[in-house]
Amino acid sequence: MTTQVTAGVHVWGGDSALVHPLSTVESAVPAACLVPDLPGDRDLEALSDELLDAEIGDVLGNVLAEVQRLLPGLTGSGRLVFLLPAEAALGRPHATSAGAVAGGILSMARTLAIELARDGIAVNTVLYADAAETAVAHQVAALLAAEGAAVTGQEIYVTAGSGLGRLRP
Amino acid sequence: MKTALVTGGAGGIGRGVCARLARDADVVVVADLDPYAAAAEIGPKARPMVLDVSSAASRTAVAAACVEEFGGVDILVNCAGVLKDARVGTLDPALFRRLLAINLLGPLALTRLLLGPMTRRGGGAVVNIASRAWLGTFGSTAYSTAKGGLVGATRSLALEVARQGITVNCVAPGFVATRMTDGLPDRIRERTLDAIPVGRAGRPDDVADAVAYLAAASYVTGQVLVVCGGRSIGDPYRQPA
């Protein structure tokens with residue numbers, strides 16, 4: 001008989017509606033959920049150079065810093081889950097900054113999944129809609145289960161079907 | 001006067017894009033760090049302008065010159081880019097920010113400056129040169145993040161400016177033989193070519209044709225046209241037979 005040791009999941013960023021259900025998830029392996037804070041809506045013409053740098057560059061830079069900080073603790077059999085609002089990733093008028101951050105994270109996760117597979121780290125992205133927080137936590141729990149090791153580089157939409165018919169990025 | 005502006009216009013892909021657009025446009029602004037030789041090669045429709053896409057002052061000067069000389073541009077091709085690979089564990093945050101500045105933030109900032117004049121001309125086309133790396137490639141955290149960001153921004157911006165008669169699309173090239181790829185080790189080059197289903201490296205003209213199509217396609221917006229010889233649907237990591 002084997003004993004599975006579970007532990008809480010490190011959650012970085014996100015609002016309380018998402019963080020609370022995620023904080024109840026347990027994992028058999030070292031795991032982290034990263035929830036970048038996406039910028040608010042603004043026309044592109046209203047985005048000064050300073051705002052572009054702050055709303056896109058700083059956010060993506062902070063995500064990279066957190067990934068690099070977490071890597072040593074995940075190596076061997078870890079899980080990394082990015083969480084993004086599906087609407088920002090699919091595209092929304094007046095949300096170029098949010099779209100840039102979401103698109104950047106999607107591609108970062110794809111590359112990390114390819115790159116970190118040899119280190120035993122699975123990397124996935126969950127895209128969520130408002131009011132789906134509990135379902136998101138269940139989806140994350142499935143990714144963190146022992147059987148979830150074979151799932152990497154995936155993008156899972158937990159949106160109750162909203163966004164169906166839209167081409168995914 | 002139909003005017004196109006191509007950033008990175010003196011590079012391998014950019015030069016091909018300028019030459020292709022010069023067939024249909026009256027003026028092609030070749031914008032690059034050193035655009036003069038490329039502009040001379042492209043011919044009398046080429047107008048060289050010095051541009052460092054990562055410099056706010058340089059972007060502002062080029063946009064202002066385009067407005068003053070031509071009233072703005074009809075076609076903006078954001079082609080300037082820099083590729084530098086590093087595994088995520090050893091990726092220097094300063095390099096990450098540098099690649100974001102050149103490949104993502106600079107293009108968005110230049111687009112912002114030219115959107116108003118483009119609207120006043122009745123519309124136009126923005127074509128962002130992304131990369132197949134947007135789908136993920138080993139060792140390219142910085143580059144793929146920047147190019148993925150460009151794809152994400154393209155989708156939202158396309159929705160924002162569609163009613164102004166402006167389309168915004170991406171071309172995502174795969175392996176294209178240029179100076180940027182000349183420095184690859186032979187082993188990597190051979191493995192890369194072996195993974196391309198059509199059996200050859202891309203040429204700048206392959207990308208230029210896709211850009212020209214999107215620049216003229218007023219019913220196509222928010223899309224990514226992948227120009228990669230089929231590599232994006234094959235297995236880029238398969239072992240040679």
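For the structure given in this document, a descriptive report is provided here.

How each quantity is defined
Residues numbered from 1 in each chain as written. Chains lettered and ligands numbered in written order. Predicted model: local features only at pLDDT ≥ 70, side-chain atom pairs only at ≥ 80, totals over all residues. Heavy atoms only, no water. Helix = DSSP H or I, 4+ residues; strand = E, 2+ residues; numbered from the N terminus. Rg over C-alpha atoms; globule rule 2.2 N^0.38 Å. Contact = heavy atoms within 4.5 Å. Areas by Shrake-Rupley, 256 points an atom, 1.4 Å probe, with all protein chains shown as cover. Lys, Arg positive; Asp, Glu negative; His and termini not counted. Charge placed at Lys NZ, Arg CZ, Asp CG, Glu CD. Buried < 20%, exposed > 50% of the residue type's maximum accessible area, 1.4 Å probe, protein only. Axes fitted to C-alpha atoms, helices over the stretch in contact; angles between N-to-C directions. Left-handed = near helix turned anticlockwise from the far one by under 90°.

**Section: the overall build of chain B**
Phase 1: Along chain B, the regular secondary structure elements total eight helices and seven strands.
Phase 2: Its C-alpha radius of gyration of 17 Å places chain B within 12% of the 18 Å reference for a compact globule of 241 residues.
Phase 3: Structurally, chain B occupies a C-alpha span of about 55 × 35 × 35 Å along its principal axes.
Phase 4: Restricting to contacts in chain B with at least 6 residues of sequence separation, those with at least 24 account for 67%.
Phase 5: A total of about 9,800 Å² of accessible surface is found on chain B, and carbon and sulfur atoms cover 54% of it.
Phase 6: Across chain B, 26 positive and 20 negative side-chain charges occur, with their mean positions spaced 5 Å apart.

**Considering unusual backbone geometry**
All names here are of chain A.
Phase 1: Positive phi values are uncommon outside glycine, yet His 94 reaches one of about 65°.
Phase 2: With respect to the helices and strands, the residue His 94 is situated in the loop between helix H3 (86-90) and helix H4 (96-116).
Phase 3: In this structure His 94 comes out as partly exposed when scored by relative accessible area, which is 35%.
Phase 4: The phi angle at Ala 160 is positive, at roughly 55°, despite the residue not being glycine.
Phase 5: Relative to the helices and strands, Ala 160 is located in the segment after strand S7 (155-158).

**Describing the environment of Asp43(A)**
Phase 1: Within the fold, Asp43(A) resides in the loop between strand S4 (31-35) and helix H2 (49-74).
Phase 2: Overall, the relative accessible area of 36% leaves Asp43(A) in the partly exposed class.
Phase 3: Considered as a pair, Asp43(A) and Arg168(A) are 125 residues apart in the sequence and their alpha carbons are 22 Å apart.
Phase 4: Not counting chain neighbours up to four residues away, the residues in contact with Asp43(A) comprise His94(A) and Glu160(B).

**Section: the packing of H4(A) against helix H5 (residues 141-161) of chain B**
Phase 1: Interhelical geometry of H4(A) versus H5(B) gives an angle of 145° and a closest axis separation of 6 Å. Both H4(A) and H5(B) take part in a crossing whose hand is right-handed. Contacts between H4(A) and H5(B) involve Thr96(A), Gly99(A), Ala100(A), Gly103(A), Gly104(A), Ser107(A), Met108(A), Thr111(A), Leu112(A) and Glu115(A) on the former and, on the latter, Thr141(B), Ser144(B), Thr145(B), Gly148(B), Gly149(B), Gly152(B), Ala153(B), Ser156(B), Leu157(B) and Glu160(B).

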